[in-house]
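# Structure at a glance
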Amino acid sequence: MKSLIIIKIGGNVIDNPDALKQFLTSFRGIYGHKILIHGGGKIATQVAEKLGIQTTMVDGRRITDQPMLDVVTMVYGGLVNKQIVAQLQAIGVDAIGLTGADGNTVLSKKRAVGNIDYGFVGDIEEVNSGQIQYFIRQNLVPVFAPLTYDRSGSLLNTNADTMASAIAVDMAIRNETTLVYCFEKKGVLADPNNEDSVLAELTPESYANYKSQGVISKGMIPKLDNAFSALEKGVRKVIICHANQVAEAVSGSGVGTVLSLGTQE
Ligand SMILES: Nc1ncnc2c1ncn2[C@@H]1O[C@H](COP(=O)(O)OP(=O)(O)O)[C@@H](O)[C@H]1O
Ligand SMILES: CC(=O)N[C@@H](CCC(=O)OP(=O)(O)O)C(=O)O
């Protein structure tokens with residue numbers, strides 16, 4: 001099987017032009033086939049606010065009514081996606097920007113969880129990995145915005161960490177897949193106030209312990225849930241690391257946090 005590297009880059013890095021540039025340079029240094037999935041939640045919140053639209057997040061997901069869907073479509077599918085693609089092209093990476101609707105690549109259905117009306121939020125139902133593989137075979141680097149669609153013409157807002165995990169799981173059928181979550185810290189920290197307290201390894205057991213102590217919290221919880229889920233479903237390796245260190249992390253030089261299923265019964 002061929003190796004494939006799937007990288008997710010979060011909103012705090014995208015929001016900082018210098019940090020984004022450094023990340024994209026490191027991304028260019030990754031040898032072989034690769035896919036990028038970007039977030040951009042922070043920018044969507046800022047743009048929405050400028051338009052007088054308030055943001056409400058529930059369980060890490062943005063309540064997405066029609067005006068908010070318009071904002072996230074413009075921000076993720078337009079502004080962020082096209083800026084990243086243009087910057088990658090400028091440094092010699094032949095990137096192609098996609099949403100899940102483009103090439104029918106990622107299909108979802110409206111989220112229906114409990115009594116909460118999330119609006120136009122999509123839970124992924126199907127990844128068309130054959131089509132994504134086609135782009136890769138053309139030596140293109142797919143760059144996905146966190147937007148999916150529901151077959152009947154509606155775009156749906158989808159959490160970018162979940163999108164990365166779902167794409168990685170499906171691509172793992174045809175490729176030896178590594179999934180890397182990049183953000184603004186050096187990895188999962190044993191002490192959130194100490195940037196150097198990076199955990200080299202995390203198992204479901206140690207994750208549960210750190211979570212119950214409140215050491216792992218906020219956005220890191222859905223990220224790790226998605227990350228462990230990918231590992232359980234056939235993704236070979238999952239790493240959480242700093243955006244600048246993505247090339248080193250992929251080459252196995254020991255930076256960041258590597259997830260392991262440990263010795264589960
Ligand atoms: N133990 C921890 N180690 C590192 N980050 C943590 C930890 N616990 C909570 N976090 C928080 O998780 C955040 C990452 O999640 P999130 O904001 O969703 O990432 P992204 O930028 O990829 O969207 C970090 O910015 C940090 O504030
Ligand atoms: C449904 C839902 O919540 N979608 C996310 C998609 C963007 C995202 O996940 O961006 P980060 O990775 O930068 O957080 C949102 O609109 O915030």
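Calculation rules
- Residues numbered from 1 in each chain as written.
- Chains lettered and ligands numbered in written order.
- Predicted model: local features only at pLDDT ≥ 70, side-chain atom pairs only at ≥ 80, totals over all residues.
- Heavy atoms only, no water.
- Pairing = 2+ DSSP bridges.
- Helix = DSSP H or I, 4+ residues; strand = E, 2+ residues; numbered from the N terminus.
- Contact = heavy atoms within 4.5 Å.
- Axes fitted to C-alpha atoms, helices over the stretch in contact; angles between N-to-C directions.
- Near = heavy atom within 4 Å.
- Polar contact = N/O pair within 3.5 Å; in protein donor to acceptor, adjacent residues only side chain to side chain.
- Areas by Shrake-Rupley, 256 points an atom, 1.4 Å probe, with all protein chains shown as cover.
- Nonpolar A, V, L, I, M, F, W, Y, C, P; charged D, E, K, R; others polar.
- UniProt positions renumbered as here; feature names shortened; annotations may be inferred.

Spatially, the 8 strands line up as an open sheet ordered β5-β8-β2-β1-β11-β13-β14-β12, and their pairing is mixed. Looking at strand neighbours, the two that pair on one side only are β5 (95-98) and β12 (201-202), the edges of this open sheet. As paired strands, strand β2 (residues 33-38) and strand β8 (residues 141-144) are joined by 2 bridges and run parallel to one another. Paired with L36 across the strands is V143, a residue of β8. Contacts from helix α6 (residues 160-171) reach β1 (2-9), β2, β8 and β11 (175-183), with the element oriented near 165 degrees to β11.

So, on to the site of ligand 1. Around ligand 1, 17 residues are found, and the nearest of them are E184, L189, V215, S217 and K223. E184 is positioned such that a nitrogen or oxygen atom in its side chain is 2.6 Å from an oxygen atom of ligand 1. Contacts to ligand 1 include K223, whose side-chain N or O atom sits 2.6 Å from an oxygen atom. Starting from 560 Å² of accessible surface for ligand 1 in isolation, the protein chains cover 83%. Among the elements of the structure, α1 (11-14) and α8 (220-232) are those that each provide at least two residues to the shell around ligand 1. By residue class, the composition of the shell around ligand 1 is 6 nonpolar, 6 polar and 5 charged.

On to the site of ligand 2, then. Around ligand 2 sit 16 residues in total, of which K8, G11, R62, Y76 and N157 are the nearest. K8 is positioned such that a nitrogen or oxygen atom in its side chain is 2.6 Å from an oxygen atom of ligand 2. Between Y76 and ligand 2, the recorded distance is 2.6 Å, taken from a side-chain N or O atom to an oxygen atom. The fraction of the free accessible surface of ligand 2 (420 Å²) that becomes covered by protein chains is 89%. Here the residues of the shell around ligand 2 sort into 4 nonpolar, 9 polar and 3 charged.

Our focus in this paragraph is the UniProt feature "domain: Aspartate/glutamate/uridylate kinase" (unreviewed entry) in the chain. Taking the numbering used here, the UniProt-annotated feature "domain: Aspartate/glutamate/uridylate kinase" (unreviewed entry) corresponds to residues 4-241. Measuring from the first to the last C-alpha atom of residues 4-241 gives 17 Å, for a span that is 39% helix and 24% strand.

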